[in-house]
Amino acid sequence: MLTYFIVLEDDDGTLLAMSPDFPELTTFGMDRDEVLARAVDAIEEAIAAGRDIPSPSHGREVAVLPTLTAVKGMLYQEQQGIGKAEAPPSGRSGIGRAAQLAHGSARRSNGCHRHAPVH
């Protein structure tokens, strides 16, 4: 599971959310649940737009990414060698498009493909 530290600040009756891991992230909500949900959406959008996926920092409030996004993020980190001494050779990891957040696997509702029987 990937969780990213979110800083929450009161902003005249709404909550403002920011993340040290994603400095471009600034969003708001009326309550904690709403602002954290919006933070997750903003993180997913940043990743889908091609932003590098950092290793999460730790803090009190966190945005928990959906499982598929988290798995793709971890695949990306593995492919990039984040936290390792040496990155794997480019194009040799075998995960290619699967690690791309925008790849169609994130959009399928059931993940099953059925083919018509051959008669």
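Let us look at the structure shown here. (Residues numbered from 1 in each chain as written. Predicted model: local features only at pLDDT ≥ 70, side-chain atom pairs only at ≥ 80, totals over all residues. Heavy atoms only, no water.)

Focus on the overall build of the protein chain
To keep it simple, the criterion reads: Only DSSP runs of H or I covering at least 4 residues are called helices, and only runs of E covering at least 2 are called strands; the numbering of each starts at the N terminus. Only protein chains enter the area calculation, which uses a 1.4 Å probe; residues under 20% of their type maximum are buried, those over 50% are exposed, and those in between are partly exposed. Only the protein chains shown count as cover for residues, with accessible areas throughout obtained via the Shrake-Rupley method and a probe of 1.4 Å.
Scanning the protein chain from N- to C-terminus turns up two helices and five strands. Taken from the N to the C terminus, the helices and strands of the protein chain come in the order β-β-β-β-α-β-α. Looking at the protein chain residue by residue over its 119 residues, the buried ones come to 29%. Per element, the accessible surface of the protein chain, about 7900 Å² overall, is 52% carbon and sulfur.

Quick look at the sheet that holds strand β2 (residues 7-11)
Short version of the rule: We treat two strands as partners when DSSP finds at least two bridges between them. To obtain each axis, a line is fitted to C-alpha atoms, and for helices this fit is confined to the stretch in contact; angles are then taken between N-to-C directions over 0 to 180 degrees.
Read across the open sheet, the three strands follow the order β2-β3-β4; overall the sheet is antiparallel. The open sheet has two edge strands, β2 and β4 (26-29), and neither has a second partner. For this sheet the average axis-to-axis angle between neighbouring strands, irrespective of direction, equals 30°. Examined bridge by bridge, β2 and strand β3 (residues 14-18) share five bridges and lie antiparallel to one another. Pairing of Val7 across the sheet is with Met18, part of β3.

Some points on the pairing of β4
Only one face of β4 is covered, namely the face carrying Thr27 and Gly29; the face carrying Thr26 and Phe28 is uncovered. The pairing of β3 with β4 spans four bridges and is classified as antiparallel. In the strand pairing of β4, Leu16 is matched with Phe28.

Examining helix α1 (residues 32-48)
Basically, it comes down to this: Expected span of a helix, by definition, is 1.5 Å for each gap between consecutive residues, and there is one gap fewer than residues. It only takes one pair of heavy atoms within 4.5 Å for two residues to be counted as in contact. Polar contact is defined as a pair of N or O atoms within 3.5 Å, subject to the rule that within protein one atom must be able to donate a hydrogen and the other to accept it, and that residues adjacent in sequence are counted only when both atoms are side-chain atoms.
End to end, α1 covers 24 Å across 17 residues, agreeing with the expected 24 Å (1.5 Å per residue, within 8%). Those residues of α1 that fall on the buried side of the exposure criterion are Val35, Leu36, Ala39, Val40, Ile43, Glu44, Ala46 and Ile47. Tucked inside the fold, the buried residues of α1 contact β1 (3-5), β2, β3, β4, β5 (62-64) and α2 (67-80). At the N-terminal boundary of α1, the capping side chain belongs to Asp31, with an oxygen 3.2 Å from the backbone nitrogen of Asp33.

Remarks on the environment of Thr67
For Thr67, the position within the fold is in helix α2. Sequence separation of Thr67 and Met1 is 66 residues, and the distance between their C-alpha atoms is 6.7 Å.

Regarding the packing of aromatic side chains
Put simply, the rule is: Between the rings of Phe, Tyr and Trp (Trp by its six-membered ring), a pair exists once the centres lie within 6.5 Å; its type follows the angle of the planes, with under 30 degrees stacked, over 60 edge-to-face, and the other angles tilted. We call a charge positioned above a ring when the Lys NZ or Arg CZ atom is no farther than 6 Å from the ring centre and deviates by at most 35 degrees from the ring normal.
Applying the stated criterion across every chain yields a total of one aromatic pair. Each ring, one from Tyr4 and one from Phe22, has its centre 5.0 Å from the other, and the planes form 80°; the classification is edge-to-face. Residue Tyr4 is found in strand β1, and its partner Phe22 is found in the loop between β3 and β4; the two are separated by 18 residues along the sequence. A relative accessible area of 0% means that Tyr4 is categorised as buried. Positioned above the aromatic ring of Phe28, the side-chain terminus of Arg38 is 4.7 Å from the ring centre.

Some remarks on the pattern of salt bridges
Filter applied, for reference: The rule for a salt bridge is simple: a side-chain nitrogen of Lys or Arg has to be within 4 Å of a carboxyl oxygen of Asp or Glu.
If you walk through the whole model with that rule in mind, you get four salt bridges. A salt bridge links Glu61 to Arg32, with the nearest nitrogen and oxygen atoms 2.8 Å apart. Placement of Glu61 in the loop between α1 and β5 and of Arg32 in helix α1 is noted, with a sequence separation of 29 residues between them. Looking at Arg32, the relative accessible area reads 42%, which means it is partly exposed.

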